[in-house]
Amino acid sequence: PVPVAELAAAAGLERHRFSLAMRATVGCTPHRWVLRRRVEEAKRLLAGPGRDASIAEVAATCGFADQAHLSGVFRRLVGTTPSAWRRERLE
């Protein structure tokens, strides 16, 4: 994980201004952007080669605290759970 303050410093902005600039440019906060990237990586791992990895392993690989954390974020952003999403892809 890269702290927002570190990203802001690299961009030459203070933290609040960096968050506002990112939201204006990308359409979401830095935290939301990171969560989206993690969920995209989880989708790739769930459906790609080596898709036999458990959801807990995918969660750990993608930087989530645990399987429940991945499942909650995944459901909020994708609209379904990782296991249901994986099943749909395998059918």
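About the thresholds
- Residues numbered from 1 in each chain as written.
- Predicted model: local features only at pLDDT ≥ 70, side-chain atom pairs only at ≥ 80, totals over all residues.
- Heavy atoms only, no water.
- Salt bridge = Lys/Arg side-chain N within 4 Å of Asp/Glu carboxyl O.
- Helix = DSSP H or I, 4+ residues; strand = E, 2+ residues; numbered from the N terminus.
- Buried < 20%, exposed > 50% of the residue type's maximum accessible area, 1.4 Å probe, protein only.
- Phe/Tyr/Trp six-rings, centres within 6.5 Å; stacked < 30°, edge-to-face > 60°.
- Lys NZ or Arg CZ within 6 Å of the ring centre and 35° of its normal.
- Axes fitted to C-alpha atoms, helices over the stretch in contact; angles between N-to-C directions.
- Parallel < 35°, antiparallel > 145°, perpendicular 65-115°, else oblique.
- Contact = heavy atoms within 4.5 Å.
- Nonpolar A, V, L, I, M, F, W, Y, C, P; charged D, E, K, R; others polar.
- Expected span 1.5 Å × (residues − 1).
- Core = buried A, V, L, I, M, F, W, Y, C linked by side-chain atoms within 4.5 Å.

**Q** Got a minute to help me understand the pattern of salt bridges in this structure?
**A** Pairs can form between side chains of opposite charge once their charged atoms are near each other. Evaluation of the coordinates by the stated rule reveals 3 salt bridges. A salt bridge links glutamate 40 to lysine 43; the nearest nitrogen and oxygen atoms lie 3.5 Å apart. Placement of both glutamate 40 and lysine 43 in helix α3 (residues 30–47) is noted, with a separation of 3 residues, approximately one turn of the helix. On the basis of relative accessible area, glutamate 40 is assigned to the partly exposed category, the value being 42%. A salt bridge links arginine 44 to glutamate 41, with the shortest nitrogen-to-oxygen separation between them at 2.6 Å. With arginine 44 and glutamate 41 both in helix α3 and 3 residues apart, this pair spans about one turn of that helix. For arginine 44, a relative accessible area of 49% puts it in the partly exposed group. When its relative accessible area of 27% is taken as the criterion, glutamate 41 is described as partly exposed.

**Q** Help me out: how do you make sense of the packing of aromatic side chains in this one?
**A** Where two aromatic rings form a pair, the distance of their centres and the angle of their planes describe that pair. Per the counting criterion, the structure on display carries 1 aromatic pair. Seen from the ring of phenylalanine 64, arginine 38 lies directly overhead, with NZ or CZ sitting 6.0 Å from the centre.

**Q** Whenever I open this one, the packing of helix α1 (residues 4–11) against helix α2 (residues 15–26) confuses me. Can you help?
**A** With their axes 9 Å apart at the nearest point, α1 and α2 run at an angle of 85 degrees to one another. Relative to α2, the element α1 lies roughly perpendicular. Every residue of α2 that contacts α1 at Val4, Leu7, Ala8 and Ala11 is listed here: Arg15, Phe18 and Ser19. Class assignment for the residues of the contact of α1 with α2 results in 5 nonpolar, 1 polar and 1 charged.

**Q** Is there a simple way to think about α3 in this case?
**A** A turn of α-helix holds 3.6 residues, and therefore any two residues three or four places apart point the same way. Look at α3: 26 Å from first C-alpha to last across 18 residues, which is about the 26 Å you get at 1.5 Å a residue. For α3, the full list of buried residues reads Pro30, Leu35, Val39, Ala42, Lys43, Leu45 and Leu46. Where α3 is buried, its residues contact α1, α2, α4 (55–61), α5 (67–78) and α6 (82–90).

**Q** Any chance you could explain the nonpolar core here in plain terms?
**A** Taken as a class, soluble globular proteins show a tendency for nonpolar side chains to be buried jointly. Counting 14 residues, the largest nonpolar core has Leu46, Val58, Cys62, Phe64, Leu70 and Phe74 as its most contacted members. Those elements that provide at least two residues to this core are α3, α4 and α5. Per-element tally for this core: the top contributor is α3, with 5 residues. If we ignore the near neighbours within four places in the chain, the residues touching phenylalanine 74 are Val39, Lys43, Leu46, Gly79, Thr80, Thr81, Pro82 and Trp85.

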